[in-house]
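# Structural overview for review
Listed here are the chains, written in short residue letters.
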Amino acid sequence: MSKALILVDVQNDFSPSGALPVPQGDQIVPVINQLIPHFEHVIATKDWHPAGHASFASVQGKQPGDVIDLKGISQIMWPDHCVQFSHGAEFIAGLNSEAITHTVVKGTNPSIDSYSGFFDNQRLQSTGLSDYLAEQGIDEVYVVGLATDYCVKFTALDAVSLGLRTWVIKDACRGVNIAPQDSDDAFQAMQDAGCELISSSVFLAQQM
Ligand code: VGL
Ligand code: ZN
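Residues numbered from 1 in each chain as written. Chains lettered and ligands numbered in written order. Predicted model: local features only at pLDDT ≥ 70, side-chain atom pairs only at ≥ 80, totals over all residues. Heavy atoms only, no water.

Short version of the rule: UniProt positions are given in the numbering used here, feature names are shortened, and annotations may be inferred rather than shown by experiment.
By the naming in an unreviewed UniProt entry, the protein chain is Nicotinamidase, taken from Vibrio ostreae. Under the heading Sequence similarities (unreviewed entry), UniProt records this for the protein chain: "Belongs to the isochorismatase family."

Next up, the structure:
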């Protein structure tokens with residue numbers, strides 16, 4: 001069995017100059033590039049919304065940050081972001097994207113959001129990531145990327161719920177932090193669910 005690095009949504013729209021800015025979101029890129037050589041499997045997720053996605057405030061006549069009920073679950077309204085084939089949906093410049101061995105897209109259903117790289121927020125559709133991991137014999141994942149309090153969190157929670165040994169490399173993640181403690185709360189929730197938190201320096205020191 002083997003391990004994989006999962007890069008969650010390391011995309012321009014989540015960089016500080018993007019449409020859905022994550023403070024310091026670009027600062028994880030050099031950290032991730034240092035981690036990549038230690039993995040045979042480097043899997044990227046991409047937030048990949050059709051124009052007019054139901055999570056966009058502009059579509060619902062709302063303001064970003066408002067919360068609506070979408071098919072029975074509460075949905076935060078976001079600025080338009082990560083529209084398929086747009087610049088904002090591309091990987092952040094400087095990321096060693098040539099090293100990526102597999103890419104998974106999510107958020108493609110126009111009417112359902114998908115924070116996790118595994119399942120949509122209704123848990124109705126799978127992205128195929130769990131099947132891919134099983135095919136490749138991957139039973140241990142290291143999760144990094146953007147944003148700690150949304151897509152990193154739900155990807156890590158789904159990974160551990162699927163029985164994968166799940167690590168989260170904290171300094172290779174950044175959060176949106178609509179409330180200042182959101183990222184801290186997210187790390188706590190991941191740990192409570194059985195994810196193991198580690199820093200890149202400790203991880204790298206163990207790779208001798
Ligand atoms: C994300 C909000 C909306 C994320 C994606 O990648 O964390 N957050 N879409
Ligand atoms: Zn999104």
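Read on, since the account is not over.
### Section: the nonpolar core
We apply this condition: Within this scheme, the nonpolar core is defined by two criteria: the residues are buried Ala, Val, Leu, Ile, Met, Phe, Trp, Tyr or Cys, and they are joined through side-chain atoms within 4.5 Å. Exposure categories follow from relative accessible area, calculated using a 1.4 Å probe and restricted to protein chains: below 20% of the type maximum is buried, above 50% is exposed, and the middle band is partly exposed. Residue contacts follow a heavy-atom distance rule, with two residues in contact if any of their heavy atoms lie within 4.5 Å.
By size, the foremost hydrophobic cluster in this structure holds 62 residues, and its most contacted members are Leu 7, Ile 32, Leu 133 and Val 141. Ignoring any residue separated from it by four or fewer positions in sequence, one finds Val 141 in contact with Ala 4, Ile 6, Leu 133, Ala 159, Leu 164, Arg 165, Thr 166 and Trp 167.

### So, the pairing of strand E2 (residues 41-47)
To be explicit about the condition: Runs of E in the DSSP output that reach at least two residues are strands. Runs of H or I that reach at least four are helices, and both are numbered from the N terminus. Two strands are counted as paired when DSSP detects at least two bridges linking them. With strands facing away from the observer, any crossover in which the path from the first strand over the helix to the second runs clockwise is taken as right-handed.
Across the seven residues of E2, seven count as buried, placing the element largely inside the fold. By the alternation rule, side chains of E2 split into His 41, Ile 43, Thr 45 and Asp 47 and Val 42, Ala 44 and Lys 46, which are all buried. Examined bridge by bridge, strand E1 (residues 2-8) and E2 share five bridges and lie parallel to one another. Note that in E2 the partner of Val 8 across the bridge is Thr 45. The parallel pair E1 and E2, bridged by helix H1 (residues 28-35), forms a crossover whose chirality is right-handed. As paired elements, E2 and strand E5 (residues 102-106) share five bridges and run parallel to each other. Paired with Asp 47 across the bridge in E5 is Lys 106.

### Some words on the UniProt feature "domain: Isochorismatase-like" (unreviewed entry) in the protein chain
Residues annotated by UniProt as "domain: Isochorismatase-like" (unreviewed entry) correspond here to residues 4-200. For residues 4-200, the helix share is 23%, the strand share is 24%, and the end-to-end C-alpha distance is 15 Å.

### Regarding helix H5 (residues 182-192)
The cut-off we apply is this: Here, the arc refers to the directions that run from the helix axis to the C-beta atoms.
Those residues of H5 not exposed but buried are Asp 182, Ser 183, Ala 186, Phe 187 and Met 190. The buried residues of H5 occupy one face: seen down the axis, they fall within an arc of 135 degrees. Summarising the geometry of H5, the exposed residues directed more than 90 degrees from the buried face are Asp 184 and Asp 192. Positive backbone phi, approximately 110 degrees, marks Gly 194, located one or two places after H5.

### Some remarks on the sheet that holds E5
Short version of the rule: The axes used here are C-alpha line fits, helices contributing only the stretch in contact, and every angle between their N-to-C directions lies in the interval 0 to 180 degrees.
Reading across the sheet, the six strands line up as E5-E2-E1-E6-E7-E8 and stay open at both edges, with parallel pairing between neighbours. The open sheet terminates on both sides in strands that have one partner only, identified here as E5 and strand E8 (196-198). The sheet shows a mean angle of 25 degrees between the axes of neighbouring strands, taken without regard to direction. Alignment of E1 against strand E6 (residues 138-146), held across seven bridges, turns out to be parallel. Note that in E6 the partner of Lys 3 across the bridge is Glu 140. Helix-sheet contacts for helix H3 (residues 129-136) involve E1, E2, E5 and E6, and the interaxial angle to E2 is about 175 degrees. Across the sheet, H5 is in contact with strand E7 (165-174) and E8; its angle to E7 comes to roughly 170 degrees.

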